[in-house]
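Chain and residue survey
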Amino acid sequence: MPKLKVNNLDLNYEMTGKGQSVLFVHGLGSSSRDWEEQVNYFSKDYQVVTIDVRGHGLSDKPPGPYSIKLFSDDTAALITSLDLSPVHIAGISMGGMIAFQLAMEKIGEVLAGRLFPKADQEELRIKMVKRWSENDKRAYTDSFKA
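Attention here is on the structure that accompanies the text. Numbers given for residues are sequential positions, taken from 1 along each chain in its written order. Residue-level local features of this predicted model are given only where pLDDT is at least 70; pairs of side-chain atoms are given and counted only at 80 or more, and the full residue set underlies all totals for whole chains, interfaces and linings. Remark: hydrogens and water are excluded; side-chain values derive from all non-hydrogen atoms of the structure.

Right, let's get into the pattern of salt bridges. What counts as a salt bridge is simple: a side-chain nitrogen of Lys or Arg found within 4 Å of a carboxyl oxygen of Asp or Glu. Here the structure, examined in full by the defined rule, presents five salt bridges. The partner of Arg54 in a salt bridge is Asp74, and the shortest N-O contact between them spans 2.7 Å. With a gap of 20 residues between them, Arg54 in the loop between strand 4 (47-52) and helix 2 (68-81) and Asp74 in helix 2 connect regions that are remote in the sequence. Among the residues examined, Arg54 registers a relative accessible area of 9% and is labelled buried. What makes Asp74 buried here is its relative accessible area of 1%. Here Glu122 ties to Arg125 by a salt bridge, and the two come within 2.6 Å at their closest N and O atoms. With Glu122 and Arg125 both in helix 4 (residues 122-133) and three residues apart, this pair spans about one turn of that helix. Counting from the N terminus, the helices are DSSP H or I runs at least four residues long and the strands are E runs at least two residues long. Burial classes: relative accessible area under 20% of the type maximum marks a residue as buried, over 50% as exposed, and values in between as partly exposed (1.4 Å probe, protein chains only).

Dropping the structure here:
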């Protein structure tokens, strides 16, 4: 498996298949190996990327503290470095929280386009995207669960 230097550490990843990119992010205490069945299935039609997040699997394990924001920053750097964008992201447990963190701005873009569809509402769309991405991810998730 190759490693990529991002944010002063080596992240382990694997890339298989061709087509639109799909990134699978594992949960706490897990690794990219847990996605083997999904890789086998989806790599027939997609370029599948799995990652060992910081402190997991074969990636570097620097001292903490760690955070979802830090994992998300590492993952975003990997996406940019590998030129995967646009990318579909699937995560389980902690990986889902990382995926959600990465998706906040995109959610704002989608909602802004639906709420302010007219050409003269561009400024409102930009404002909404900015504000939406400023949501506290934990508080938003807790509120969503309610």
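From this point, the narrative continues.
Moving on to the sheet that holds strand 1 (residues 3-6). The mixed open sheet is built from five strands, whose spatial order is 1-2-4-3-5. At either margin of the open sheet sits one strand with a lone partner, and together these are strand 1 and strand 5 (87-91). Neighbour-to-neighbour, the strand axes of the sheet open up by a mean angle of 30 degrees, direction not taken into account. Two strands pair under a simple rule: DSSP has to find at least two bridges between them. The pairing of strand 2 (residues 9-16) with strand 4 spans five bridges and is antiparallel. Looking at the pairing, Glu14 lines up with Thr50 of strand 4. Whether two residues are in contact is decided by their heavy atoms: any pair within 4.5 Å suffices. Note on geometry: axes are lines fitted to C-alpha atoms, helical ones only across the stretch in contact, with angles between N-to-C directions running from 0 to 180 degrees. Where helix 2 meets the sheet, its contacts fall on strand 1, strand 2, strand 3 (21-25), strand 4 and strand 5, and the angle it forms with strand 1 comes to roughly 115 degrees. The sheet strands contacting helix 3 (residues 94-115) are strand 3 and strand 5, and the helix crosses strand 5 at an angle near 145 degrees.

The interhelical angle for the contact between helix 2 and helix 3, taken along N-to-C directions, is 65 degrees, at an axis separation of 9 Å. By the criterion of interaxial angle, the relationship of helix 2 to helix 3 is roughly perpendicular. In the packing of helix 2 onto helix 3, the handedness of the crossing is right-handed. Two secondary-structure elements touch here, helix 2 through Ile68, Lys69, Phe71, Ser72, Thr75, Ala76 and Ile79 and helix 3 through Met94, Met97, Ile98, Gln101 and Leu102. The class makeup of the residues in the contact of helix 2 with helix 3 is eight nonpolar, three polar and one charged. Roughly parallel refers to an angle under 35 degrees, roughly antiparallel to one over 145, roughly perpendicular to one between 65 and 115, and oblique to any angle outside these ranges. Two helices that cross are described as forming a left-handed crossing if the nearer one is turned anticlockwise from the farther one by less than a right angle, and a right-handed crossing if clockwise. Polarity classes work like this: nonpolar for Ala, Val, Leu, Ile, Met, Phe, Trp, Tyr, Cys and Pro, charged for Asp, Glu, Lys and Arg, and polar for all others, with Gly in that last group.

On to helix 3. A helix is expected to span 1.5 Å multiplied by its residue count minus one. Over its 22 residues, helix 3 runs 31 Å from end to end, which matches the ideal 32 Å to within 8%, given 1.5 Å per residue. Of all the bends found along helix 3, the most pronounced is centred on Ala103 and spans about 45 degrees. Listing the buried residues of helix 3 in full gives Met94, Gly95, Ile98, Ala99, Gln101, Met104, Gly108 and Ala112. Here the bend at a residue is taken as the angle between two axes, fitted respectively to the seven residues that end there and the seven that start there.

Moving on, we get to the side chain of Arg125. Take Arg125: its relative accessible area is 17%, and that puts it in the buried class. When residues no more than four places from it in sequence are discounted, the contact partners of Arg125 are Ala112, Gly113, Phe116, Pro117, Lys118 and Ala119.

The next thing to look at is the side chain of Asn12. Residue placement: Asn12 occurs in strand 2. Asn12 gets classed as buried once you look at its relative accessible area, which sits at 1%. Among the polar contacts listed, one links the side chain of Asn12 to the side chain of Asp52, at a separation of 2.9 Å. Ignoring anything within four residues of it in the chain, the contact list for Asn12 reads Met1, Pro2, Lys3, Ser32, Thr50, Ile51, Asp52, Leu58 and Ser59. We define a polar contact as two N or O atoms separated by no more than 3.5 Å, with the added condition that, inside protein, one atom must be a possible hydrogen donor and the other a possible acceptor, whereas residues neighbouring each other in sequence contribute only through side-chain atom pairs.

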